[in-house]
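# Close look at the chain arrangement
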Amino acid sequence: MILNPFNTKIGLALGGGGAKGIAHIGVIRALMDEDIKVAAVAGTSVGAIVSSYFAFGQALEKINDLGDRLKMKDVLRLSFSKRGFLSTDAIRKMILKDIGEVNIEDASIPLAITATDIHDGSAIVFRKGPLAPAVCASIAVPGVFVPCEINGRLLVDGGLTQNVPIDALDDFNIGIKVAVNLNAVQDYPEADSMIDIVGNAIDIAIDRRTQDQMEKADLPIALDLSRYSRLDNSKVKEELIQIGYDETRKHVRKLVWYRKANLYFYLKKLISEVIPLKVPRFLKRWFS
């Protein structure tokens, strides 16, 4: 929590979830329609892709087109590496073509991309340096995609450590954190392929940590996308976008009110975190 009751800067954390990440497009569209300015954005895995397009000022139509392009058959490239059998080259080429050979710190909206060091298990947050390699590292599901080596570190999917990268917003002086979780239920989809099985296993392993991350959000947006595929949702693209849009719109009124009444929430957090002892009952009623 940033101890500044007048800080109403909004940070957006977009979580991982494979092709379910199309729903992130609806979230962004809803915020734009409500003229809610995002001061910083962080992304993990597919959230890293969408947040990069958003942060670098890509037109909403271009971001919307990602729904057609985030199909596993289009992004999968076989690799002969002993570290994985699929390459992230297609994603790298897509980013270089659409956004260019840019650095993260050059984004119009401050941007953070998360990955995981496969040797020591630490969370790696990129806030500067080349964009494309960082995004490729963030999406590199271990055991499936070849890890990315950056600055001497072997990096894989950021979802292992920060599936909803809300902590990655900390250095951006954000007062209000909005977090989007694409895997908000405990009902995992039928596994029809090896990638599905690996994906389910990873989801199960990181769900508890994700719940902890969502508790840090001022405005958590939890999406029930259990009936959608992790691999290809291009045929239901508009449906997924609409889910993200509608769920965000439900929260928008609360978000706008929050911006006007940030002092109230500051005092509430102050009482619960700074003074964790017994609080008089009348105060609990006042701030509940």
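In this text the structure is predicted, and so the values were computed from the model without any measurement.

## Some thoughts on the nonpolar core
With 57 residues, the main nonpolar core has L12, L111 and F126 as its most contacted residues. Leaving out residues up to four positions away in the same chain, F126 has contacts with I104, L111, A112, I113, A115, A134, I150 and L155.

## A short note on the pattern of salt bridges
This model, assessed by the stated rule, comprises 11 salt bridges. R92 serves as the salt-bridge partner of D89, at 3.8 Å between the closest nitrogen and oxygen. Pair noted here: D89 and R92 are both in helix α5 (residues 89-98), with a separation of three residues, about one helical turn. Between R153 and D117 there is a salt bridge, and its shortest N-O distance comes to 2.7 Å. Taken as a pair, R153 in strand β8 (residues 153-157) and D117 in strand β5 (residues 111-117) lie far apart in primary sequence, 36 residues in all.

## What about the side chain of N163?
The residue N163 is located in the loop between α7 (159-162) and β9 (176-181) in this model. Among residues more than four places away in sequence, those in contact with N163 are G15, G16, T44, G158, N181, N183, I206, T210 and Q213.

## Things to note about the pairing of strand β6 (residues 123-126)
Residues I124 and F126 point to one face of β6 and are all buried, whereas A123 and V125, pointing to the other face, are not buried. For β5 and β6, the ladder comprises four bridges, and the chain directions are antiparallel. Paired with A115 across the bridge in β6 is I124. Taken together, β5 and the strand that follows it, β6, pair antiparallel across an intervening segment of five residues, in which G121 is found at a positive phi of about 75°.

## Comments concerning the pairing of β9
Residues in a regular strand point their side chains to alternate faces of the sheet. Counting buried residues along β9, six of its six residues qualify, which places the element largely inside the surrounding structure. Side chains of β9 alternate between two faces, with I176, V178 and V180 and K177, A179 and N181 buried alike. In this structure, strand β1 (residues 10-14) lies alongside β9, joined through five bridges in parallel fashion. Along β9, the bridge assignment pairs L14 with V180. Sheet topology places β9 next to strand β10 (residues 219-222); four bridges connect them, and they run parallel. Residue N181 lies in a different strand from β10, and its bridge partner there is A222.

## Describing the packing of aromatic side chains
When we look at a pair of aromatic rings, we describe it by the centre distance and by the angle of the planes. Throughout the structure, instances matching the rule amount to zero aromatic pairs. When the ring centre of F172 is taken as origin, the NZ or CZ atom of R127, which lies over that ring, is 5.7 Å away.

## Some words on the state of the cysteines
Scanning the model with the defined rule gives zero disulfides in all. Unpaired in this structure, C136 has its nearest cysteine sulfur neighbour in C148, at a distance of 5.3 Å. The exposure class of C136 is buried, given its relative accessible area of 3%. Classification of C148 by relative accessible area gives buried; the value is 12%.

## Considerations on helix α6 (residues 131-139)
With respect to burial, α6 is a largely interior element, eight of its nine residues being buried. Among all positions of α6, only L131, A132, A134, V135, C136, A137, S138 and I139 are buried.

## Re the environment of G26
Its place among the elements puts G26 in helix α1 (residues 23-33). Overall, G26 belongs to the buried group, its relative accessible area being 0%. In this structure the C-alpha to C-alpha distance between G26 and E239, which are 213 residues apart in sequence, comes to 9.5 Å. Excluding its chain neighbours within four sequence positions, the residues that come into contact with G26 are I241, G244 and Y245.

## Some points on α1
Counting buried positions along α1 gives eight out of 11 residues, so the element sits mostly inside the fold. For α1, the set of buried residues is A23, H24, I25, G26, V27, I28, A30 and L31. D35 lies just past α1 and shows a positive phi near 60°.

## Observations regarding the confidence of the model for the protein
Atomic detail in the predicted coordinates should be set aside for any region of low pLDDT. Overall, the prediction assigns the protein a mean pLDDT of 84, with 80% of residues at 70 or greater. Confidence drops under a pLDDT of 50 for residues 282-288, and excluding neighbours within four residues, the segment shows seven contacts in the predicted structure.

Quick notes on the rules
- Residues numbered from 1 in each chain as written.
- Predicted model: local features only at pLDDT ≥ 70, side-chain atom pairs only at ≥ 80, totals over all residues.
- Heavy atoms only, no water.
- Core = buried A, V, L, I, M, F, W, Y, C linked by side-chain atoms within 4.5 Å.
- Buried < 20%, exposed > 50% of the residue type's maximum accessible area, 1.4 Å probe, protein only.
- Contact = heavy atoms within 4.5 Å.
- Salt bridge = Lys/Arg side-chain N within 4 Å of Asp/Glu carboxyl O.
- Helix = DSSP H or I, 4+ residues; strand = E, 2+ residues; numbered from the N terminus.
- Pairing = 2+ DSSP bridges.
- Phe/Tyr/Trp six-rings, centres within 6.5 Å; stacked < 30°, edge-to-face > 60°.
- Lys NZ or Arg CZ within 6 Å of the ring centre and 35° of its normal.
- Disulfide = S-S within 2.5 Å.
- pLDDT = per-residue confidence, 0-100.

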